[in-house]
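Notes for the structure review
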Amino acid sequence: MKGNKQGAQMAKVAFLGLGVMGFPMAGHLAAKGHEVTVYNRTAAKAEAWVARHKGRAAATPRDAATGAEFVMACVGNDDDLAQVASGPDGAFSGMAKGAVFVDHTTVSAQITRKLATEAAALDLHFVDAPVSGGQAGAENGQLSIMCGGTPEDYARAEPVMAAYARICRLIGDSGAGQLAKMMNQICIAGLMQGLSEALAFGQKAGLDGEKVVEVISQGAAGSWQMVNRHKTMLQDKFDYGFAVDWMRKDLGICLDTADEIGARLPVTALVDQFYKDVQLMGGGRGDTSSLIRRLK
Ligand code: NAP
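Below, the structure is looked at part by part. (Residues numbered from 1 in each chain as written. Predicted model: local features only at pLDDT ≥ 70, side-chain atom pairs only at ≥ 80, totals over all residues. Heavy atoms only, no water.)

**Looking at the side chain of T106**
What counts is decided by this rule: Secondary structure elements follow DSSP: runs of H or I of four or more residues count as helices, runs of E of two or more count as strands, with numbering from the N terminus. When checking whether two residues touch, look at their non-hydrogen atoms; a contact exists if any pair is within 4.5 Å.
Turning to its location among the elements, T106 is positioned in the loop between β7 (100-103) and α5 (109-121). Not counting residues within four places of it along the chain, the set of residues in contact with T106 comprises G76, P130, Q178, K181, K249, D250 and I253.

Laid out in C-alpha coordinates, this is it:
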(Lines give C-alpha, C1' and ligand atoms only; values in the text may rest on other atoms or scores of the structure.)
Protein backbone atom coordinates (compact mmCIF):
# COMPACT_ATOMS: atom_id res chain seq x y z
CA MET A 1 0.00 0.00 0.00
CA LYS A 2 1.17 3.57 -0.56
CA GLY A 3 -0.01 6.85 0.94
CA ASN A 4 -2.06 9.38 -1.04
CA LYS A 5 -1.93 13.18 -0.64
CA GLN A 6 -4.16 12.99 2.45
CA GLY A 7 -1.94 10.31 4.02
CA ALA A 8 -4.48 7.48 3.54
CA GLN A 9 -3.12 4.09 2.43
CA MET A 10 -3.96 3.26 -1.17
CA ALA A 11 -3.75 -0.29 -2.49
CA LYS A 12 -3.78 -2.25 -5.74
CA VAL A 13 -7.17 -3.92 -5.65
CA ALA A 14 -8.91 -6.38 -7.96
CA PHE A 15 -12.71 -6.62 -7.87
CA LEU A 16 -14.44 -9.74 -9.25
CA GLY A 17 -18.18 -9.55 -9.99
CA LEU A 18 -19.84 -6.30 -11.01
CA GLY A 19 -23.47 -7.14 -10.22
CA VAL A 20 -26.00 -5.08 -8.30
CA MET A 21 -23.57 -4.99 -5.37
CA GLY A 22 -20.11 -5.30 -6.89
CA PHE A 23 -20.46 -2.54 -9.49
CA PRO A 24 -20.96 0.28 -6.96
CA MET A 25 -18.61 -1.28 -4.38
CA ALA A 26 -15.76 -1.32 -6.90
CA GLY A 27 -16.70 2.26 -7.79
CA HIS A 28 -16.20 3.37 -4.17
CA LEU A 29 -12.73 1.80 -4.13
CA ALA A 30 -11.77 3.75 -7.24
CA ALA A 31 -13.29 6.96 -5.87
CA LYS A 32 -11.17 6.62 -2.70
CA GLY A 33 -8.04 6.47 -4.87
CA HIS A 34 -7.25 2.73 -4.85
CA GLU A 35 -5.79 1.33 -8.07
CA VAL A 36 -8.66 -0.89 -9.22
CA THR A 37 -8.79 -3.67 -11.82
CA VAL A 38 -12.22 -5.20 -12.38
CA TYR A 39 -13.33 -8.53 -13.80
CA ASN A 40 -16.87 -9.47 -14.80
CA ARG A 41 -17.94 -12.69 -16.54
CA THR A 42 -20.12 -10.68 -18.93
CA ALA A 43 -17.50 -8.31 -20.32
CA ALA A 44 -20.00 -5.57 -21.21
CA LYS A 45 -20.50 -4.78 -17.51
CA ALA A 46 -16.76 -4.40 -16.98
CA GLU A 47 -16.63 -2.06 -19.99
CA ALA A 48 -19.50 -0.03 -18.55
CA TRP A 49 -17.66 0.17 -15.22
CA VAL A 50 -14.42 1.37 -16.84
CA ALA A 51 -16.38 3.98 -18.80
CA ARG A 52 -17.70 5.38 -15.52
CA HIS A 53 -14.78 4.93 -13.09
CA LYS A 54 -11.01 5.25 -12.98
CA GLY A 55 -9.50 1.78 -13.37
CA ARG A 56 -9.03 -1.01 -15.88
CA ALA A 57 -10.75 -4.26 -16.82
CA ALA A 58 -9.18 -7.72 -17.05
CA ALA A 59 -10.36 -10.70 -19.07
CA THR A 60 -10.11 -13.33 -16.29
CA PRO A 61 -10.05 -13.38 -12.47
CA ARG A 62 -6.44 -14.54 -12.72
CA ASP A 63 -5.42 -11.54 -14.84
CA ALA A 64 -7.28 -9.14 -12.55
CA ALA A 65 -5.57 -10.62 -9.48
CA THR A 66 -2.05 -10.49 -10.87
CA GLY A 67 -0.15 -7.82 -8.97
CA ALA A 68 -3.06 -7.02 -6.65
CA GLU A 69 -2.53 -6.73 -2.90
CA PHE A 70 -6.23 -7.35 -2.30
CA VAL A 71 -8.75 -9.29 -4.38
CA MET A 72 -12.38 -8.62 -3.52
CA ALA A 73 -15.17 -10.85 -4.86
CA CYS A 74 -18.95 -10.46 -4.92
CA VAL A 75 -20.39 -13.15 -7.17
CA GLY A 76 -23.36 -15.53 -6.76
CA ASN A 77 -23.17 -18.79 -4.83
CA ASP A 78 -20.66 -21.39 -3.58
CA ASP A 79 -19.87 -22.75 -7.06
CA ASP A 80 -19.45 -19.28 -8.55
CA LEU A 81 -17.06 -18.29 -5.78
CA ALA A 82 -15.02 -21.49 -6.18
CA GLN A 83 -14.80 -20.79 -9.91
CA VAL A 84 -13.50 -17.22 -9.62
CA ALA A 85 -11.18 -18.04 -6.70
CA SER A 86 -9.62 -21.42 -7.40
CA GLY A 87 -10.85 -22.43 -10.88
CA PRO A 88 -8.38 -22.83 -13.77
CA ASP A 89 -8.42 -19.08 -14.50
CA GLY A 90 -9.17 -18.22 -10.88
CA ALA A 91 -7.68 -15.44 -8.80
CA PHE A 92 -5.55 -17.71 -6.60
CA SER A 93 -3.42 -18.67 -9.61
CA GLY A 94 -2.54 -15.03 -10.26
CA MET A 95 -2.15 -13.70 -6.72
CA ALA A 96 1.30 -13.01 -5.30
CA LYS A 97 2.23 -14.65 -2.00
CA GLY A 98 0.93 -12.62 0.95
CA ALA A 99 -2.00 -11.07 -0.97
CA VAL A 100 -5.45 -11.11 0.67
CA PHE A 101 -8.65 -12.47 -0.90
CA VAL A 102 -11.74 -10.80 0.58
CA ASP A 103 -15.02 -12.53 -0.22
CA HIS A 104 -18.19 -10.41 -0.09
CA THR A 105 -20.40 -13.13 -1.65
CA THR A 106 -22.99 -14.78 0.61
CA VAL A 107 -21.92 -18.44 0.66
CA SER A 108 -21.69 -21.39 3.04
CA ALA A 109 -19.18 -21.57 5.87
CA GLN A 110 -17.92 -24.87 4.35
CA ILE A 111 -16.81 -23.42 1.02
CA THR A 112 -15.32 -20.50 2.91
CA ARG A 113 -13.18 -22.75 5.12
CA LYS A 114 -12.22 -24.94 2.14
CA LEU A 115 -11.04 -21.93 0.11
CA ALA A 116 -9.30 -20.37 3.12
CA THR A 117 -7.36 -23.63 3.58
CA GLU A 118 -6.46 -23.75 -0.13
CA ALA A 119 -5.37 -20.12 0.05
CA ALA A 120 -3.18 -20.74 3.09
CA ALA A 121 -1.43 -23.63 1.29
CA LEU A 122 -0.47 -21.11 -1.42
CA ASP A 123 0.73 -18.50 1.11
CA LEU A 124 -2.36 -16.41 0.41
CA HIS A 125 -4.79 -14.96 2.97
CA PHE A 126 -8.59 -15.22 2.99
CA VAL A 127 -11.22 -13.14 4.80
CA ASP A 128 -14.93 -13.94 4.52
CA ALA A 129 -16.77 -10.63 4.54
CA PRO A 130 -20.45 -10.94 3.54
CA VAL A 131 -22.41 -7.71 3.51
CA SER A 132 -25.82 -6.40 4.47
CA GLY A 133 -27.48 -3.17 3.44
CA GLY A 134 -28.74 -4.03 -0.05
CA GLN A 135 -28.32 -2.18 -3.31
CA ALA A 136 -28.78 1.18 -1.57
CA GLY A 137 -26.09 0.33 0.99
CA ALA A 138 -23.68 -0.60 -1.81
CA GLU A 139 -24.48 2.54 -3.80
CA ASN A 140 -24.16 4.84 -0.78
CA GLY A 141 -21.07 3.08 0.59
CA GLN A 142 -22.97 2.23 3.76
CA LEU A 143 -22.74 -1.54 4.08
CA SER A 144 -22.61 -3.60 7.27
CA ILE A 145 -19.76 -6.09 6.88
CA MET A 146 -19.29 -9.15 9.10
CA CYS A 147 -15.95 -10.88 8.82
CA GLY A 148 -14.23 -14.16 9.55
CA GLY A 149 -10.49 -14.78 9.49
CA THR A 150 -7.37 -14.03 11.49
CA PRO A 151 -7.06 -10.67 13.30
CA GLU A 152 -3.94 -9.92 11.21
CA ASP A 153 -5.66 -10.49 7.87
CA TYR A 154 -8.72 -8.57 9.01
CA ALA A 155 -6.56 -5.63 10.12
CA ARG A 156 -5.01 -5.48 6.63
CA ALA A 157 -8.33 -5.71 4.77
CA GLU A 158 -10.41 -3.40 6.97
CA PRO A 159 -9.00 -0.06 5.66
CA VAL A 160 -9.79 -1.17 2.09
CA MET A 161 -13.34 -2.29 2.95
CA ALA A 162 -13.82 1.08 4.68
CA ALA A 163 -14.46 2.52 1.19
CA TYR A 164 -18.00 1.06 1.30
CA ALA A 165 -18.60 0.20 4.97
CA ARG A 166 -20.82 1.82 7.54
CA ILE A 167 -19.70 -0.77 10.06
CA CYS A 168 -17.17 -3.55 9.64
CA ARG A 169 -16.32 -6.07 12.38
CA LEU A 170 -14.30 -9.23 12.81
CA ILE A 171 -16.71 -11.80 14.27
CA GLY A 172 -14.37 -14.80 14.62
CA ASP A 173 -12.37 -17.43 12.73
CA SER A 174 -12.80 -18.33 9.08
CA GLY A 175 -16.52 -18.86 8.31
CA ALA A 176 -17.73 -16.73 11.24
CA GLY A 177 -18.62 -13.86 8.89
CA GLN A 178 -20.84 -16.19 6.87
CA LEU A 179 -22.47 -17.59 10.03
CA ALA A 180 -23.21 -14.00 11.13
CA LYS A 181 -24.74 -13.30 7.71
CA MET A 182 -26.97 -16.37 8.20
CA MET A 183 -28.25 -14.79 11.45
CA ASN A 184 -28.96 -11.63 9.43
CA GLN A 185 -31.00 -13.58 6.84
CA ILE A 186 -32.88 -15.55 9.52
CA CYS A 187 -33.93 -12.21 11.08
CA ILE A 188 -35.05 -10.83 7.71
CA ALA A 189 -37.08 -13.92 6.67
CA GLY A 190 -39.52 -13.84 9.59
CA LEU A 191 -39.63 -10.06 9.61
CA MET A 192 -40.47 -9.83 5.90
CA GLN A 193 -43.40 -12.23 6.31
CA GLY A 194 -44.70 -10.28 9.34
CA LEU A 195 -44.45 -7.00 7.45
CA SER A 196 -46.16 -8.52 4.38
CA GLU A 197 -49.03 -9.86 6.48
CA ALA A 198 -49.52 -6.52 8.26
CA LEU A 199 -49.54 -4.46 5.04
CA ALA A 200 -51.87 -6.88 3.20
CA PHE A 201 -54.14 -6.95 6.27
CA GLY A 202 -54.26 -3.15 6.34
CA GLN A 203 -55.17 -2.97 2.65
CA LYS A 204 -57.99 -5.49 3.10
CA ALA A 205 -59.20 -3.50 6.13
CA GLY A 206 -59.33 -0.37 3.95
CA LEU A 207 -56.64 1.56 5.87
CA ASP A 208 -54.13 4.01 4.37
CA GLY A 209 -50.96 1.92 4.80
CA GLU A 210 -48.60 4.88 4.57
CA LYS A 211 -50.45 6.70 7.33
CA VAL A 212 -50.31 3.64 9.56
CA VAL A 213 -46.61 3.04 8.89
CA GLU A 214 -45.78 6.66 9.72
CA VAL A 215 -47.04 5.94 13.24
CA ILE A 216 -46.07 2.32 13.87
CA SER A 217 -42.59 2.60 12.36
CA GLN A 218 -41.76 4.90 15.26
CA GLY A 219 -42.97 2.38 17.83
CA ALA A 220 -41.91 -1.16 18.75
CA ALA A 221 -42.81 -2.60 15.31
CA GLY A 222 -40.41 -0.37 13.38
CA SER A 223 -37.70 -1.92 11.18
CA TRP A 224 -35.41 -1.04 8.27
CA GLN A 225 -37.64 -3.10 5.99
CA MET A 226 -40.75 -1.27 7.18
CA VAL A 227 -39.22 2.17 6.69
CA ASN A 228 -37.55 1.45 3.35
CA ARG A 229 -39.93 -0.98 1.67
CA HIS A 230 -43.52 -0.32 2.78
CA LYS A 231 -44.29 2.26 0.07
CA THR A 232 -43.15 0.04 -2.79
CA MET A 233 -44.82 -3.03 -1.28
CA LEU A 234 -48.13 -1.15 -1.16
CA GLN A 235 -47.60 -0.11 -4.80
CA ASP A 236 -46.64 -3.64 -5.99
CA LYS A 237 -43.15 -2.49 -7.03
CA PHE A 238 -40.48 -5.09 -6.39
CA ASP A 239 -37.38 -3.98 -8.21
CA TYR A 240 -35.17 -2.94 -5.27
CA GLY A 241 -32.05 -5.05 -5.32
CA PHE A 242 -31.91 -8.26 -3.36
CA ALA A 243 -33.46 -10.99 -5.51
CA VAL A 244 -35.78 -13.74 -4.28
CA ASP A 245 -33.52 -16.27 -6.05
CA TRP A 246 -30.59 -15.09 -3.89
CA MET A 247 -32.74 -15.16 -0.75
CA ARG A 248 -33.65 -18.81 -1.41
CA LYS A 249 -29.95 -19.59 -1.83
CA ASP A 250 -29.25 -17.90 1.52
CA LEU A 251 -32.13 -19.58 3.34
CA GLY A 252 -30.99 -22.94 1.93
CA ILE A 253 -27.55 -22.29 3.44
CA CYS A 254 -29.18 -21.34 6.78
CA LEU A 255 -31.35 -24.49 6.84
CA ASP A 256 -28.45 -26.81 5.90
CA THR A 257 -26.26 -25.22 8.56
CA ALA A 258 -29.03 -25.51 11.16
CA ASP A 259 -29.19 -29.25 10.42
CA GLU A 260 -25.43 -29.57 10.89
CA ILE A 261 -25.28 -27.71 14.19
CA GLY A 262 -28.60 -28.90 15.63
CA ALA A 263 -30.36 -25.50 15.57
CA ARG A 264 -34.11 -25.19 14.89
CA LEU A 265 -35.44 -22.73 12.29
CA PRO A 266 -39.18 -23.48 11.94
CA VAL A 267 -40.28 -20.02 10.72
CA THR A 268 -37.29 -19.68 8.38
CA ALA A 269 -38.17 -23.05 6.81
CA LEU A 270 -41.76 -21.92 6.25
CA VAL A 271 -40.81 -18.55 4.78
CA ASP A 272 -38.36 -20.35 2.46
CA GLN A 273 -41.35 -22.25 1.04
CA PHE A 274 -43.29 -18.98 0.69
CA TYR A 275 -40.39 -17.59 -1.35
CA LYS A 276 -40.58 -20.74 -3.48
CA ASP A 277 -44.22 -19.80 -4.21
CA VAL A 278 -43.02 -16.37 -5.37
CA GLN A 279 -40.46 -18.02 -7.66
CA LEU A 280 -43.23 -20.22 -9.09
CA MET A 281 -45.23 -17.04 -9.72
CA GLY A 282 -42.31 -15.94 -11.94
CA GLY A 283 -40.83 -13.58 -9.35
CA GLY A 284 -37.32 -14.96 -8.87
CA ARG A 285 -35.60 -11.69 -9.79
CA GLY A 286 -38.05 -9.52 -7.84
CA ASP A 287 -36.77 -8.19 -4.52
CA THR A 288 -37.43 -9.95 -1.21
CA SER A 289 -40.32 -7.68 -0.24
CA SER A 290 -42.33 -9.38 -3.01
CA LEU A 291 -43.30 -11.96 -0.38
CA ILE A 292 -46.47 -9.85 -0.04
CA ARG A 293 -47.55 -10.92 -3.56
CA ARG A 294 -48.79 -14.27 -2.19
CA LEU A 295 -51.18 -12.43 0.11
CA LYS A 296 -52.80 -9.98 -2.32
P1 NAP B 1 -26.08 -10.08 -9.22
O2 NAP B 1 -26.53 -8.70 -9.53
O3 NAP B 1 -26.84 -11.23 -9.75
O4 NAP B 1 -24.56 -10.18 -9.70
C5 NAP B 1 -23.82 -11.38 -9.58
C6 NAP B 1 -22.45 -11.13 -10.12
O7 NAP B 1 -21.68 -12.35 -10.02
C8 NAP B 1 -22.42 -10.76 -11.61
O9 NAP B 1 -21.35 -9.89 -11.82
C10 NAP B 1 -22.17 -12.11 -12.28
O11 NAP B 1 -21.59 -12.00 -13.56
C12 NAP B 1 -21.18 -12.72 -11.30
N13 NAP B 1 -21.12 -14.18 -11.39
C14 NAP B 1 -22.07 -15.06 -11.02
N15 NAP B 1 -21.65 -16.32 -11.24
C16 NAP B 1 -20.40 -16.23 -11.75
C17 NAP B 1 -19.44 -17.17 -12.17
N18 NAP B 1 -19.67 -18.51 -12.10
N19 NAP B 1 -18.26 -16.72 -12.63
C20 NAP B 1 -18.01 -15.40 -12.71
N21 NAP B 1 -18.89 -14.44 -12.31
C22 NAP B 1 -20.07 -14.86 -11.84
O23 NAP B 1 -25.97 -10.33 -7.66
P24 NAP B 1 -25.82 -9.26 -6.47
O25 NAP B 1 -27.17 -8.82 -6.08
O26 NAP B 1 -24.75 -8.27 -6.78
O27 NAP B 1 -25.31 -10.25 -5.31
C28 NAP B 1 -23.99 -10.76 -5.30
C29 NAP B 1 -23.77 -11.51 -3.98
O30 NAP B 1 -23.99 -10.61 -2.89
C31 NAP B 1 -24.73 -12.70 -3.79
O32 NAP B 1 -24.06 -13.72 -3.09
C33 NAP B 1 -25.82 -12.11 -2.92
O34 NAP B 1 -26.47 -13.09 -2.15
C35 NAP B 1 -25.02 -11.14 -2.06
N36 NAP B 1 -25.80 -9.99 -1.53
C37 NAP B 1 -26.63 -9.28 -2.33
C38 NAP B 1 -27.34 -8.21 -1.78
C39 NAP B 1 -28.30 -7.37 -2.63
O40 NAP B 1 -29.06 -6.60 -2.05
N41 NAP B 1 -28.30 -7.48 -3.94
C42 NAP B 1 -27.19 -7.86 -0.45
C43 NAP B 1 -26.31 -8.60 0.33
C44 NAP B 1 -25.61 -9.66 -0.21
P45 NAP B 1 -22.50 -11.74 -14.88
O46 NAP B 1 -22.68 -10.25 -14.97
O47 NAP B 1 -21.74 -12.31 -15.99
O48 NAP B 1 -23.81 -12.48 -14.64
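**Details of the packing of helix α8 (residues 176-204) against helix α12 (residues 266-280)**
Our working definition: Structural elements are reduced to axes, namely lines fitted to C-alpha atoms, with helices fitted over the stretch in contact, and the angle between N-to-C directions of any two is expressed from 0 to 180 degrees. The handedness criterion is simple: a crossing whose near helix is rotated anticlockwise from the far helix by less than a right angle is left-handed, and one whose near helix is rotated clockwise is right-handed.
Viewed as axis vectors pointing N to C, α8 and α12 meet at an angle of 65°, and their least axial separation amounts to 9 Å. Every pair of crossing elements has a handedness; the one defined by α8 and α12 is left-handed. Along the contact surface, α8 presents I186, A189, G190, M192 and Q193, while α12 presents V267, T268, V271, F274 and Y275.

**Quick look at the environment of P151**
Operational definition: Exposure categories follow from relative accessible area, calculated using a 1.4 Å probe and restricted to protein chains: below 20% of the type maximum is buried, above 50% is exposed, and the middle band is partly exposed.
As for its placement among the helices and strands, P151 is situated in helix α7 (residues 151-161). Judged by its relative accessible area of 53%, P151 is exposed. The sequence separation of P151 and D173 amounts to 22 residues, and the corresponding C-alpha distance is 8.6 Å.

**Here's the deal with the site of the ligand**
Quick note on the threshold: When we say a residue is near a molecule or strand, we mean one of its heavy atoms is within 4 Å of it. Definition of a polar contact: a pair of N or O atoms within 3.5 Å, with one able to donate and the other able to accept a hydrogen when the atoms are protein atoms, and with sequence-neighbouring residues admitted only if both atoms are side-chain atoms. Each accessible area is a Shrake-Rupley estimate made with a 1.4 Å probe; only the visible protein chains count as cover when residues are assessed. Domain delimitation in this document rests on an assignment produced automatically or drawn from a domain database.
Around the ligand, the surrounding shell holds 27 residues, and the nearest of these are N40, T42, K45, V75 and G76. Within the side chain of D80, an N or O atom sits 2.9 Å from a nitrogen atom of the ligand. W246 has a polar side-chain atom sitting 2.9 Å from an oxygen atom of the ligand. Protein contacts shield 92% of the accessible area of the ligand, which totals 910 Å² for the unbound molecule. Counting only elements with at least two residues in the shell around the ligand, the list comes to α4 (78-86), α6 (134-140) and α11 (244-261). Both of domain 1 (2-173) and domain 2 (180-295) provide at least three residues apiece to the shell around the ligand.

**Thoughts on the pattern of salt bridges**
Stated formally: For this document, the term salt bridge refers to a Lys or Arg side-chain nitrogen within 4 Å of an Asp or Glu carboxyl oxygen.
Going through the model one piece at a time under the given rule, you end up with 5 salt bridges. The partner of D236 in a salt bridge is K296, with the nearest N and O atoms 3.0 Å apart. Note that D236 is positioned in the loop between α10 (224-234) and α11 and K296 in the segment after α12, a separation of 60 residues in sequence. For D236, a relative accessible area of 46% puts it in the partly exposed group. The exposure class assigned to K296 is partly exposed, which follows from its relative accessible area of 40%.

Structural measurements only, silent on function.
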